[in-house]
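Structure assessment
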Amino acid sequence: MTILLLLFVFVLAVFLGLELIQKVPSQLHTPLMSGTNAISGIAIVGAIATTAVGGTFSNVLAFIAVVLAAINVFGGSLVTDRMLGMFKSGKKEG
């Protein structure tokens, strides 16, 4: 029963996330990505904290979570920086 409930929540989150992201205007994508990077940073801290619980399986899952969240933070920062660069003017004063 618990697995069925978790699967239901996961599928609902996927559909809700897709629906919400499609409705976000393009002007809000950069702030939204910055917020998502912050959430991924929190996921890294949570994954590191779960290693204190112990057990090989939880340590493997925590390692995978840290790697994936770090890739998300790094890639999101690069994309956010590139998008913010599109708004800078081409003229440099000096």
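Remember, it's a predicted structure, so these values are computed and weren't measured experimentally. Once a new chain begins, its residue numbering starts again from 1 and follows that chain's sequence as written. With the structure being a predicted model, the display of local features is reserved for residues of pLDDT at least 70 and the display and counting of side-chain atom pairs for 80 or more, all residues being used for whole-chain, interface and lining totals. For side-chain calculations, the full set of non-hydrogen atoms in the structure is used, while hydrogens and water are omitted.

Here's the deal with the overall build of the chain
- By definition, any uninterrupted DSSP run of H or I lasting at least four residues is a helix, any uninterrupted run of E lasting at least two residues is a strand, and each is numbered from the N terminus. In terms of helices and strands, the chain carries three helices and zero strands.
- In sequence order, the chain lays out its α and β elements as α-α-α.
- Its C-alpha atoms give the chain principal-axis dimensions of about 60 × 30 × 15 Å.
- Accessibility here uses a 1.4 Å probe with only protein chains present; expressed as a share of the type maximum, an area under 20% marks a residue as buried, one over 50% as exposed, and anything in between as partly exposed. The buried share among the 94 residues of the chain stands at 10%.
- Residues are treated as being in contact if the distance between any of their heavy atoms lies within 4.5 Å. Pairs at least 24 residues apart make up 67% of the contacts formed inside the chain by residues separated by at least 6 positions.
- Of the accessible surface of the chain, which amounts to about 7900 Å², a share of 76% is contributed by carbon and sulfur atoms. Only the protein chains shown count as cover for residues, with accessible areas throughout obtained via the Shrake-Rupley method and a probe of 1.4 Å.

Some words on helix α1 (residues 2-22)
- Take the residue count of a helix, subtract one, and multiply by 1.5 Å to get its expected span. Taking 1.5 Å of rise per residue, 21 residues should cover 30 Å, and α1 covers 30 Å from first to last C-alpha, within 8% of that figure.
- In terms of residue burial, α1 counts as a barely covered element, since only zero of its 21 residues are buried.

Describing a nonpolar patch on the surface
- Taken together, M1, L4, L7, F10, V11, V14, F15 and L18 make up a surface patch of nonpolar side chains, about 890 Å² in accessible area.
- Position of M1 among the secondary structure elements: in the segment before α1. The patch calculation keeps residues exceeding 30% relative accessible area without a salt bridge and links them within 9 Å when they carry like charges or within 5 Å when they are nonpolar (Val, Leu, Ile, Met, Phe, Trp, Tyr). For salt bridges, the criterion is a side-chain nitrogen of Lys or Arg within 4 Å of an Asp or Glu carboxyl oxygen.

Some details on the confidence of the model for the chain
- Predictor confidence is given residue by residue as pLDDT, running from a minimum of 0 to a maximum of 100. For the chain, the average pLDDT comes to 79, and 93% of its residues sit at 70 or higher.
- For the chain, per-element mean pLDDT is lowest for helix α2 (residues 29-50), which scores 77, and highest for α1, which scores 84.

Thoughts on helix α3 (residues 56-85)
- Compared with an ideal rise of 1.5 Å per residue, which puts 30 residues at 44 Å, α3 spans 43 Å between its outermost C-alpha atoms and is within 8% of the ideal.
- If you check which residues of α3 are buried, you get A62, A69, G76 and T80.

Examining the environment of L68
- Among the secondary structure elements, L68 is positioned in helix α3.
- Measuring from C-alpha to C-alpha, the distance between L68 and M86 comes to 27 Å, with 18 residues separating the pair along the chain.

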